Amino acid sequence: MIHAALTQIDATPVNDQPGRQAIVWPQGGEHALTISDAVRRCRWMAQEINATSFAVFLAPLMQERAKLVPCLDSDHPGAGFAKSVTGNIEHLVRHVRTSTEPLWWSEGPQSPAAQRLGALCWVTQIEPIIAGTSGIAFPVHAERNQCGLVVFAGPCTNIDQNLLFEVHSKCFSLFSEVTRLRPASASLTRAMTRRELECLKLTANGYTSEEIARILKLSVHTTNQYLTQSAQKLNAVSRTQAVAKALRLGLIE
């Protein structure tokens, strides 16, 4: 039943509940979804559950360490809210990679959100990932083994069991569209070798080819070859642009 609820994704919510406003989501066809469209969808979902902030993250499968890469958030075009997500990121990423069970947290056991979210079935309580607030996070998966997290937060976050499945379905649909806007992040993560990422990271830290070769115990020729391959895979015209793209995609830090 849970699987069916998550796979029956409707991009055009129907006003079948009193007091809920009908929302027509941007449709496909000739007009492809944009980041602005995705932000609007998130804003509508946030309104449905009385959340004040939201963020969408990628959780790349191949990383030097577990991390969440912000795609968009409620401070669009900035990423202010996404930066406030802290807590046990490694635990979050492990969960996202292996499960679609939603996660919730609250600012305290007596808070209104704790009473409401704690009554839901098929959700797990975690330590707060955003200080001083309550919220819910939906793990999502898409094509090409891409996975991520859609986070909603606010002191009055409120969602019932039926709406839980509905919003989660919308999050799956949204994430699928967002990953099409950023197809490089997951595919490149798998395509880049460990040595290529190491060379890029050291370049980002200001080391020259000669210094990188000495650190990694490689020849200068091999080091330059790794950097050239990295630039080609990232469709960059120089190693500087390759570093910038790798940082933006979360491939290196």
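Residues numbered from 1 in each chain as written. Predicted model: local features only at pLDDT ≥ 70, side-chain atom pairs only at ≥ 80, totals over all residues. Heavy atoms only, no water.

## Quick notes on the overall build of the protein
Helix and strand content of the protein: 11 helices and six strands. In the protein, 63% of the contacts between residues at least 6 apart in sequence involve partners at least 24 apart. Summed over its atoms, the accessible surface of the protein is roughly 12500 Å², and 52% of this surface lies on carbon and sulfur atoms. (Helix = DSSP H or I, 4+ residues; strand = E, 2+ residues; numbered from the N terminus. Contact = heavy atoms within 4.5 Å. Areas by Shrake-Rupley, 256 points an atom, 1.4 Å probe, with all protein chains shown as cover.)

## Here's the deal with the sheet that holds strand E6 (residues 146-153)
Here six strands make up an open sheet; going across it, the order is E2-E1-E6-E5-E3-E4 and the pairing mixed. Edge positions in the sheet fall to strand E2 (69-73) and strand E4 (124-125), since each of these pairs with one other strand and no more. Across eight bridges, strand E5 (residues 135-142) lies against E6 in antiparallel orientation. For Val 140, the partnering residue across the bridge sits in E6 and is Gly 148. Seen against the sheet, helix H6 (residues 161-181) touches strand E1 (53-58), E2, E5 and E6 and runs at an angle of roughly 50° to E5. (Pairing = 2+ DSSP bridges. Axes fitted to C-alpha atoms, helices over the stretch in contact; angles between N-to-C directions.)

## A look at the environment of Leu 68
Assignment of secondary structure puts Leu 68 in the loop between E1 and E2. Leu 68 gets classed as buried once you look at its relative accessible area, which sits at 11%. Along the chain, Leu 68 and Glu 90 lie 22 residues apart, while their C-alpha atoms are 8.9 Å from each other. (Buried < 20%, exposed > 50% of the residue type's maximum accessible area, 1.4 Å probe, protein only.)

## Some thoughts on the nonpolar core
Formed by 35 residues in total, the largest nonpolar core has its most connected members in Phe 152, Ile 159 and Val 167. Those elements giving two or more residues to this core turn out to be helix H2 (35-48), E1, E2, helix H5 (112-118), E5, E6 and H6. Sorting elements by how many residues they give to this core places H6 first, with eight residues. With 22 residues, the next largest nonpolar core counts Phe 81, Ala 82, Val 93 and Trp 105 among its residues. (Core = buried A, V, L, I, M, F, W, Y, C linked by side-chain atoms within 4.5 Å.)

## Quick notes on the pairing of E1
Counting buried residues in E1 gives six out of six residues, a clear majority hidden from the surface. Of the two faces of E1, both are covered, the one formed by Ser 53, Ala 55 and Phe 57 as well as the one formed by Phe 54, Val 56 and Leu 58. The pairing of E1 with E6 spans six bridges and is classified as antiparallel. Its bridge partner being in E6, Phe 54 is matched across the sheet by Phe 152.

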